Amino acid sequence: RPDLAPAAGHTVKLTIDKKLQFITENALSKAVELYKAKGGTAVVMDPYSGDILAMASAPDFDPNNFGAAGLDALRNRSVVDAYEPGSTIKVFTMAAALQHRVVRLGENIYCENGMIEIGRHKIKDSHPHKWLDLTGIIQKSSNIGATKIAQRLGKRRLYTALRLFGFGHKTGLLLPGERSGHLGRWRRWSEAKLSNVSFGQGMTATSVQMAAALSALANGGLLFRPRIALEIRDANGAPVVHYRKRWRRVVSQRVTRRVLDMMATVVKKGGTGEEAALAGYSVAGKTGTAQKVAATSAKRARAQAEALAEAARLGKPLPRKKTGYAEDLYLASFMGVVPASRPRLAIVVAVDEP
């Protein structure tokens, strides 16, 4: 075997800001602990470059004691976990509707006093409303309002708009295991599916996808490819690879300004995200509370297994496997930009089963 002289490795320069990374890791860890959650993820992005300034997952692990880490702590949830985002998607439904001019600023939409039937399915709001304007639909997070807007858009235009914002395909981030999320083909959508997708159910996305799409609203309509590595240099400092910024326009600047104005009301009195307001900074954001699919819940899986075992022991007919959404398990999220007037940071936080 030939003798191989030791070779100096290359240097990778990341986009991560170590101070923001420290703050983000601590904040996420405290939130998961405070709300007794299974886990969580947080991404902080520069909306004008797509650079990831911080990325955190909880539970985490000690890199100095890698072997002691559990499998649940090893994965990077920001890119590996695709979840149903819930109501955060409403802002992209609204952006598509404004872009295609199927809604007008100032118009009111009847929200059916809290419940509407679509085929055999009932769509409900957490709080009943009769009439809401477009801003009110975002501020109060009305599922029915989002549904009626999506019905005006139609399946194809909503699907196309969400694809333009980056949903349903990988971002191209240079990290292993990135998921593409799921959107499905619009031709296969039922009317109930159109409704569900308009408020973020029946589809999945990663936190990195959400941060990139949010950044497009923040910067005037440009979707940047997320970037975590700036460049690679050899042992002598000579550049080997430089990762350039890449972007495409997905929506007009006029539309993004109007949607940000709507999102700014979410953190004001009467909005669903009042606690996200900051002293000294204007914030624009959106809350999301997505019911988890029953089959993905460990609690539901255990309960189903116990019910099957009990039925078999007693010789009774086996119970039908429960499908649909769990009634008591949620993924709670918030995405926001700050300052709202000319955003410097786009932030997405998701907490699993708080």
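Here, the structure is the one placed above.
Residues numbered from 1 in each chain as written. Predicted model: local features only at pLDDT ≥ 70, side-chain atom pairs only at ≥ 80, totals over all residues. Heavy atoms only, no water.

*Asks:* Explanation requested: the pattern of salt bridges in the structure shown.
*Replies:* In a structure, side chains of opposite charge can pair up when their charged atoms sit close to one another. As enumerated under the stated definition, the model contains 13 salt bridges in all. Note that Arg75 and Asp81 form a salt bridge whose closest N and O atoms lie 2.7 Å from each other. You can call Arg75 partly exposed: its relative accessible area is 27%. We classify Asp81 as buried; its relative accessible area is 18%. (Salt bridge = Lys/Arg side-chain N within 4 Å of Asp/Glu carboxyl O. Buried < 20%, exposed > 50% of the residue type's maximum accessible area, 1.4 Å probe, protein only.)

*Asks:* Help me understand the packing of aromatic side chains, please; the structure alone is not making it clear to me.
*Replies:* Using the criterion set out here, one finds 6 aromatic pairs in the structure. On the basis of an interplanar angle of 65° and a centroid distance of 5.5 Å, the ring pair of Phe92 and Phe167 is categorised as edge-to-face. Of this pair, Phe92 sits in helix 4 (residues 90–99) while Phe167 is found in the loop between helix 7 (155–164) and helix 8 (191–198), placing the two residues 75 residues apart along the sequence. The buried category is assigned to Phe92, whose relative accessible area is 0%. (Phe/Tyr/Trp six-rings, centres within 6.5 Å; stacked < 30°, edge-to-face > 60°. Helix = DSSP H or I, 4+ residues; strand = E, 2+ residues; numbered from the N terminus.)

*Asks:* Teacher, can you tell me more about the pairing of strand 10 (residues 239–242) here?
*Replies:* Every other side chain in a regular strand lies on the same face of the sheet, so the side chains alternate between the two faces. Two strands pair when backbone bridges link them, and strand 9 (residues 229–233) and strand 10 are joined in this way by 3 bridges, in the antiparallel orientation. Opposite Glu231, over in strand 10, you have His242 as the bridge partner. Linkage of strand 9 to strand 10, two consecutive antiparallel strands, is achieved through a turn of 5 residues, within which Gly237 is found at a positive phi near 85°. (Pairing = 2+ DSSP bridges.)

*Asks:* Can you walk me through the packing of helix 4 against helix 9 (residues 207–218) in this structure?
*Replies:* Put simply, helix 4 and helix 9 touch, their axes get as near as 11 Å, and they point 40° apart. Considering their axes alone, helix 4 and helix 9 lie oblique with respect to each other. As for how helix 4 packs across helix 9, the hand of that crossing is left-handed. Along its contact with helix 4, which presents Val91, Phe92 and Ala95, the element helix 9 presents Met210, Ala213, Leu214 and Leu217. Per-class residue counts for the contact of helix 4 with helix 9 are 7 nonpolar, no polar and no charged. (Axes fitted to C-alpha atoms, helices over the stretch in contact; angles between N-to-C directions. Parallel < 35°, antiparallel > 145°, perpendicular 65-115°, else oblique. Left-handed = near helix turned anticlockwise from the far one by under 90°. Contact = heavy atoms within 4.5 Å. Nonpolar A, V, L, I, M, F, W, Y, C, P; charged D, E, K, R; others polar.)

*Asks:* What is the right way to read the side chain of Ser142 from this model?
*Replies:* Tracing the chain through its elements places Ser142 in the loop between helix 5 (134–140) and helix 6 (143–153). Judged by relative accessible area, Ser142 falls into the buried class, the value being 1%. There is a polar contact of 3.4 Å between the side chain of Ser142 and the backbone nitrogen of Ile144. Sequence-distant contacts of Ser142, that is, excluding residues within four places in its chain, are made with Lys90, Cys111, Asp125, Leu132 and Ile137. (Polar contact = N/O pair within 3.5 Å; in protein donor to acceptor, adjacent residues only side chain to side chain.)

*Asks:* Help me understand the packing of helix 7 against helix 8 in this model?
*Replies:* Each pair of packed helices can be described by the angle between their axes along with the distance between the axes. Two elements in contact, helix 7 and helix 8, have axes whose closest approach is 11 Å; the angle formed by their N-to-C orientations is 35°. Considering the relative orientation of helix 7 and helix 8, their crossing is left-handed. Between helix 7 and helix 8, the contacting residues are Lys155, Leu158 and Leu162 on the first element and Glu191, Leu194, Val197 and Ser198 on the second. Residues belonging to the contact of helix 7 with helix 8 are distributed by class as follows: 4 nonpolar, 1 polar and 2 charged.

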